[in-house]
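# Report on the structure
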Amino acid sequence: MNFKLLNMKRAVDLLKNKFFLVAVVFVVWMLFFDKNDLYSQYEQRQQRIKLEQERDFYTKETAQVSKDLDELTSNPAKLEKFAREKYLMKKANEDVFVIVKEKKKEE
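So, here's what we can say about the structure. (Residues numbered from 1 in each chain as written. Predicted model: local features only at pLDDT ≥ 70, side-chain atom pairs only at ≥ 80, totals over all residues. Heavy atoms only, no water.)

## Re the layout of surface pockets
Computed from the structure, the largest pocket encloses a volume of approximately 160 Å³. Lining of the largest pocket is provided by Asp68, Glu71, Leu72, Lys78, Lys81, Phe82 and Glu85. Of all the elements in the fold, those that place two or more residues in the lining of the largest pocket are helix H3 (38-74) and helix H4 (76-87). If you tally residues by element for the lining of the largest pocket, the top one is H4, at four residues. For the lining of the largest pocket, a count of residues per class yields two nonpolar, no polar and five charged. (1 Å grid on protein atoms, 1.4 Å probe; cavity = no way out; pocket = protein on both sides within 12 Å on 5 of 7 lines; lining within 4 Å. Points joined across faces, edges and corners; volume = space filled by probe spheres on them. Helix = DSSP H or I, 4+ residues; strand = E, 2+ residues; numbered from the N terminus. Nonpolar A, V, L, I, M, F, W, Y, C, P; charged D, E, K, R; others polar.)

Printed below as a string of structure tokens:
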């Protein structure tokens, strides 16, 4: 019984301590009401991850396009193949047939 009374007295003394109360108010303010609260930090972290993924994707795409550009400028056969496939260019005595695969309808 004496132990419970002692703990209750400590709790009351702790709640009367102005430094403890200021610290609790500060922590609550920083966690929930501040401009940089926990939710804002979570959102910013998610946005950063998304932006890093986009950066990696565009870095990879830029490297691939640079490689393709080097191949096209250095190899005339590649340039001709690219023009024929992408822009459907042809020589004067040729006919071009474009075959488009139909997508299967999902029922």
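## What about the side chain of aspartate 37?
Looking at the element boundaries, aspartate 37 is found in the loop between helix H2 (18-33) and H3. Look past the residues within four positions of aspartate 37 in its chain and what remains in contact with it is Met30, Leu31 and Phe32. (Contact = heavy atoms within 4.5 Å.)

## Let's talk about the environment of glutamate 94
Tracing the backbone through its elements, the reader meets glutamate 94 in the segment after H4. On the basis of relative accessibility, which here comes to 24%, the residue glutamate 94 falls in the partly exposed class. At 3.1 Å, the side chain of glutamate 94 forms a polar contact with the backbone nitrogen of lysine 91. (Buried < 20%, exposed > 50% of the residue type's maximum accessible area, 1.4 Å probe, protein only. Polar contact = N/O pair within 3.5 Å; in protein donor to acceptor, adjacent residues only side chain to side chain.)

## Points about the packing of H3 against H4
At a closest axis distance of 5 Å, the pairing of H3 and H4 adopts a crossing angle of 110°. As far as their axial angle goes, H4 and H3 are roughly perpendicular. Taking contact as the criterion, the partners of Glu71, Leu72 and Ser74 in H3 are, on H4, Pro76, Lys78, Leu79 and Phe82. A class-by-class count of the residues in the contact of H3 with H4 yields four nonpolar, one polar and two charged. (Axes fitted to C-alpha atoms, helices over the stretch in contact; angles between N-to-C directions. Parallel < 35°, antiparallel > 145°, perpendicular 65-115°, else oblique.)

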